[in-house]
Amino acid sequence: MALGHAAVDFYQGAVPALVPFLVAERGYGYTAASGVVLAATLLSSVVQPLFGALTDRWTMPWLIPVSSLCAGVGIALSGLGGSYALTWLAVALAGIGVAAYHPESARLARAAGRGSHVAMGWYSLGGTLGFALAPVVVGPVLTAGGLGATPWLVVPAVAGVLGTASAVRVLARRTAAGQAAAARSAAPDNWPVFLRLSAIVVCRSVVFVGLSAFIGLYAQERVGGGPATGSAALFTLFAGGAAGTVAGGRLAVRWGRVRTVRIAYAASVPAVAGVVLVPGPALLALAALAAAVLYVPFSLHVTLGQDFLPSRVGTASGVTLGLAVSVGGVVSPGIGALGETVGLGWALAPLIGLCALAWWLARGLPEPAAPEGYGASTGSARGTTSSV
């Protein structure tokens, strides 16, 4: 499941990796470039909760290969249309594929890991590595062949489908047998707390997607070196995220999920401030640090959401994983428009305040009890009373 997650989230990382090449070959400005990022997230933000609700009612394993191929084909077509509209539609197709993938995949991953936060961390790490590998792959492919080489980018989707087919079949049979019984025995859904968690996910989404959409261009302004510098900055950002994802599950076992989330968002305030404000090549190291602390709570959002809505695991997964990208993509055109007016540094500065807001909201989260029937040790008692 982690391998399949990597293949799909490769296409989320591919979108910002495309931006410097669209700017260079087609002369897009900040607003037009951020509109491409919006294409990957606007429709997905609408359809992802729908797919989550559907997977709460029925096991839909066929969504996983279909959505994976949809994401790959969309990015493969994105460089072939000469018009902005065709590019936008191709990237939107990829966004819908990514949206359809996550609710069912996260539900099966929860079953595979039996509720373990460390296991969900490894599943989330797959997606983070897919993000991180995107600029490493997209950059050289498009440097060598230009935007006309995008059809080669369908390969990860095909590999992901072939590599996970047997696991999906096994998990689908397992979860179909136990889904009805689990729904009957589930604790009541806690919607007020889930909505607070969703607000935290929204803040993180705007911060991380804002950074990932523009750090390539920002690094070129601050460090120089052209599109290669932009790709290096994106890789650094995503690689830091991979380290944070691995750490998140293990820290949750030691400290409890909620305490870990609070500490991570407290640390994100100075880390993101460093990316925006500190001049020179230090931007690359600070980007890795900011991504790490922003990704520590990433998998924990998913398991917390599933435990706050135990009878609607698909909906919880769709919202926590979907909002993690979609809302930030919707806001990114505004960041781009502001950047064209006052410069990218000033446009990115509000992200610091959103990190502080996420930390404040996290202070009101309770630590839910471990789900019945799962053997994960969460350290929840320690996480309940912390005021960090």
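For the structure, check the block above.
All figures in this text were calculated on a predicted structure; none of them were measured in a lab.

The rules behind the values
Residues numbered from 1 in each chain as written. Predicted model: local features only at pLDDT ≥ 70, side-chain atom pairs only at ≥ 80, totals over all residues. Heavy atoms only, no water. Helix = DSSP H or I, 4+ residues; strand = E, 2+ residues; numbered from the N terminus. Buried < 20%, exposed > 50% of the residue type's maximum accessible area, 1.4 Å probe, protein only. Contact = heavy atoms within 4.5 Å. Areas by Shrake-Rupley, 256 points an atom, 1.4 Å probe, with all protein chains shown as cover. Expected span 1.5 Å × (residues − 1). Bend = angle between axes of the 7 residues up to and from the residue. Disulfide = S-S within 2.5 Å. Phe/Tyr/Trp six-rings, centres within 6.5 Å; stacked < 30°, edge-to-face > 60°. Core = buried A, V, L, I, M, F, W, Y, C linked by side-chain atoms within 4.5 Å.

**Student:** Quick question: what am I supposed to make of the overall build of the protein here?
**Tutor:** Helix and strand content of the protein: 15 helices and zero strands. Here the protein holds 388 residues, and 57% of them are scored as buried. Long-range pairs, those at least 24 residues apart, make up 85% of the contacts in the protein between residues at least 6 apart in sequence. Of the roughly 13,900 Å² that the protein leaves accessible, carbon and sulfur atoms contribute 71%.

**Student:** Explain helix α4 (residues 84-113) here, please?
**Tutor:** Because an α-helix packs 3.6 residues into every turn, residues spaced three or four apart end up facing the same way. Compared with an ideal rise of 1.5 Å per residue, which puts 30 residues at 44 Å, α4 spans 43 Å between its outermost C-alpha atoms and is within 8% of the ideal. Of all the bends found along α4, the most pronounced is centred on His 102 and spans about 30°, while Pro 103, a proline, follows it within four residues. Burial analysis of α4 places 22 of its 30 residues in the buried class, the great majority of the element.

**Student:** Teacher, can you tell me more about the state of the cysteines here?
**Tutor:** Each disulfide is one covalent bond, formed between the sulfur atoms of two cysteines. Here the structure, examined in full by the defined rule, presents zero disulfides. Looking at Cys 203, it has no disulfide partner, and the nearest cysteine sulfur is the one in Cys 355, 8.6 Å off. Exposure remark for Cys 355: the relative accessible area of 2% places this residue in the buried category.

**Student:** What is the right way to look at the packing of aromatic side chains in this model?
**Tutor:** Within a pair of aromatic rings, the relevant descriptors are the distance that separates the centres and the angle that separates the planes. A complete count under the given rule lists five aromatic pairs for this structure. Note on Tyr 28 and Tyr 84: the rings are 5.2 Å apart at their centroids and 75° apart in plane angle, and the pair reads as edge-to-face. Pair noted here: Tyr 28 is in the loop between α1 (2-26) and α2 (30-57) and Tyr 84 is in helix α4, with a separation of 56 residues, a long-range link. The partly exposed category is assigned to Tyr 84, whose relative accessible area is 30%. Aromatic side chains Trp 191 and Phe 194 sit 5.8 Å apart centroid to centroid with 85° between the ring planes, which places their arrangement in the edge-to-face category. Here Phe 194 and Trp 191 lie together in helix α7 (residues 191-223), a separation of three residues that amounts to about one turn. Judged by its relative accessible area of 2%, Phe 194 is buried. Clustering of aromatic rings is evident, with ring pairs tying together Phe 208, Tyr 295 and Phe 298.

**Student:** Hey, could you run me through helix α3 (residues 63-77) in this one?
**Tutor:** Across its 15 residues, α3 extends 21 Å between first and last C-alpha, which sits within 8% of the 21 Å expected from 1.5 Å per residue. Those residues of α3 lying buried are Leu 63, Ile 64, Ser 67, Ser 68, Cys 70, Ala 71, Gly 72, Gly 74, Ile 75 and Ala 76.

**Student:** I keep staring at the nonpolar core and nothing clicks. Help me out?
**Tutor:** Generally speaking, a soluble globular protein has its nonpolar side chains buried in company with each other. Within the largest apolar cluster, 99 residues are counted, with the highest numbers of intra-cluster contacts made by Ile 75, Val 138, Ile 215, Leu 237, Val 272, Leu 294 and Leu 351. Val 272 has contacts with Val 207, Ala 290, Leu 294, Leu 351, Ile 352 and Cys 355, leaving out every residue within four places of it along the chain.

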